[in-house]
Amino acid sequence: MPELPEVESIRLSLAARILGKTIEDVEVRWPPAAVSLADEDFSALARNRTIESLDRRGKYLLMNLSHGLTMIIHFRMTGRLIYYPEQHEPNKHTHVVFRLDQGELHYSDIRKFGRIQLVSFQMAFKAACLAKLGPEPLDESFTFDQLGMRLARKKSTIKAALLDQTVVAGIGNIYADEALFRAGILPDRNTASLKVSEIILLYDAICEVLQEGITAGGTSFRDYRDADGKKGAFQENLMVYGRSGQECKYCGGQLAKIKVAGRTTVYCPNCQK
DNA sequence: CACTAAACCTGGGAGC
DNA sequence: TGCTCCCAGGTTTAGT
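- Looking up chain A in an unreviewed UniProt entry gives the name Formamidopyrimidine-DNA glycosylase, with the organism given as Dehalobacter restrictus.
- According to the UniProt record, the Sequence similarities (unreviewed entry) comment for chain A reads "Belongs to the FPG family."
- For chain A, the Subunit (unreviewed entry) comment in UniProt is given as "Monomer."

Shown next as structure tokens:
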């Protein structure tokens, strides 16, 4: 389930393969996955455009094409974007095939939740999905004060606040649980109950866990792969996510599982207060 | 405003 | 082996 570190890892691996290449043809095999401007044909619109740059905003990958067009890609849970240097046979989960002047880019998605939107560059940041996003947690402009001010407006649990993309962009279930463990904060604490010292710990934990996730090439708990089809390594560093009932790597106690904000949440009852 | 639930989907695992 | 059931979770939308 690609969160910020996974999308960033896709962006980095993809950049090395496709920047400067031209989209010569597009085969949309499952139309709901490829959304374009009103009444415009996705394939026709994308054809004969050069891939000029790759950006990321939260969990969204932005592919900027020549002539002012941008593809906004969200992978949701099982989306993948993989580059093949040679012609490659699509499978039943391959929804869009981009044939480049050299190689092919395949978008596949088992669960069919992900979407590729094709919009004008000017419209991209006004698009409903991007406009509401909170700050980028790894930008220099993201400070602990900013986090504190945004959390102060929330009346939910701290876990729900971290998953809220309008508070901070890019955190999902994995990194929310990991950041809260590192900060020693129980996931179902009310946001208003956090002391300033705890928000400082949380701020540091968020920045560290996301940066380490990127360095490890993301977390391949199940489906995630980068643009070369390679797994990440951060699953080996997970302290709580997916480890319910197992020993806490820090104190040796048993990790607990609860539902918070409708999501499975794993934490250490001893290390997190 | 904030919460919950449903909807969107399929594969994998558990239990029988 | 094969069936059923439940679970995984990002986001939007509808309802309370």
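1. Quick look at the UniProt feature "active site" (unreviewed entry) in chain A
At step 1: When the UniProt feature table is mapped onto this chain, "active site" (unreviewed entry) is found at Pro2, Glu3, Lys59 and Arg263. From this annotated list, the subset lining the largest pocket comprises Pro2, Glu3, Lys59 and Arg263.
At step 2: Checked against the element boundaries, Lys59 lands in the loop between β3 (49-57) and β4 (60-65).
At step 3: What makes Lys59 buried here is its relative accessible area of 15%.
At step 4: Apart from residues no more than four positions distant in its own chain, Lys59 is found in contact with Pro2, Glu3, Leu4, Val7, Ile73, His74, Gln165, Gly170, Ile171 and Gly172.
At step 5: With respect to the element layout, Arg263 can be found in strand β11 (residues 263-267).
At step 6: Looking at Arg263, the relative accessible area reads 39%, which means it is partly exposed.
At step 7: Setting aside its immediate chain neighbours within four residues, Arg263 contacts Lys159, Leu163, Asn173 and Ile258.

2. Some thoughts on the sheet that holds strand β9 (residues 115-120)
At step 1: In space, the 9 strands of this open sheet follow the order β2-β9-β5-β4-β3-β1-β7-β8-β6, with mixed pairing throughout. Every other strand in the sheet has two partners, leaving β2 (34-36) and β6 (79-84) as the edge strands with one partner each. Ignoring strand direction, the axes of neighbouring strands in this sheet form an average angle of 25°.
At step 2: Pairing analysis gives 6 bridges linking β4 to strand β5 (residues 69-74), with the strands arranged antiparallel. The partner of Leu62 across the bridge, within β5, is Ile72.
At step 3: Together, β3, β4, β6, β7 (94-100) and β8 (104-109) form the strand contacts of helix α1 (residues 4-18), whose direction differs from that of β3 by roughly 160°.

3. As for the protein's contact with DNA strand C
At step 1: Of all residues adjacent to DNA strand C, which total 14 residues, the nearest are His74, Met77, Arg111, Tyr241 and Arg263.
At step 2: The sugar and phosphate moieties of DNA strand C supply 60% of its atoms located within 4 Å of the protein.
At step 3: In this structure, Lys259 approaches DNA strand C through a side-chain N or O atom, which is 3.3 Å from a phosphate oxygen.
At step 4: In the model, a phosphate oxygen of DNA strand C is placed 2.7 Å from a nitrogen or oxygen of the Arg263 side chain.
At step 5: Class assignment for the residues of the surface near DNA strand C results in 4 nonpolar, 4 polar and 6 charged.

4. Let's talk about helix α7 (residues 173-183)
At step 1: Most of α7 sits out of view: 10 of its 11 residues are buried.
At step 2: Elements in contact with the buried residues of α7: α1, α6 (158-163), α8 (196-215) and β11.
At step 3: Positive backbone phi, approximately 70°, marks Gly184, located one or two places after α7.

5. So, the protein's contact with DNA strand B
At step 1: What surrounds DNA strand B is the set Trp30, Lys92, His93, Ile110, Arg111, Lys112, Phe113, Arg153, Lys155, Ser156 and Arg222.
At step 2: Close to the protein, within 4 Å, the atoms of DNA strand B belong to sugar or phosphate groups at a rate of 61%.
At step 3: The contact in question runs from a base oxygen of DNA strand B to an N or O atom on the side chain of Arg111, over 2.2 Å.
At step 4: The contact in question runs from a phosphate oxygen of DNA strand B to an N or O atom on the backbone of Arg153, over 3.3 Å.
At step 5: Residues of the surface near DNA strand B, tallied by class, amount to 3 nonpolar, 2 polar and 6 charged.

Rules used in this analysis
- Residues numbered from 1 in each chain as written.
- Chains lettered and ligands numbered in written order.
- Predicted model: local features only at pLDDT ≥ 70, side-chain atom pairs only at ≥ 80, totals over all residues.
- Heavy atoms only, no water.
- UniProt positions renumbered as here; feature names shortened; annotations may be inferred.
- 1 Å grid on protein atoms, 1.4 Å probe; cavity = no way out; pocket = protein on both sides within 12 Å on 5 of 7 lines; lining within 4 Å.
- Helix = DSSP H or I, 4+ residues; strand = E, 2+ residues; numbered from the N terminus.
- Buried < 20%, exposed > 50% of the residue type's maximum accessible area, 1.4 Å probe, protein only.
- Contact = heavy atoms within 4.5 Å.
- Pairing = 2+ DSSP bridges.
- Axes fitted to C-alpha atoms, helices over the stretch in contact; angles between N-to-C directions.
- Near = heavy atom within 4 Å.
- Polar contact = N/O pair within 3.5 Å; in protein donor to acceptor, adjacent residues only side chain to side chain.
- Nonpolar A, V, L, I, M, F, W, Y, C, P; charged D, E, K, R; others polar.

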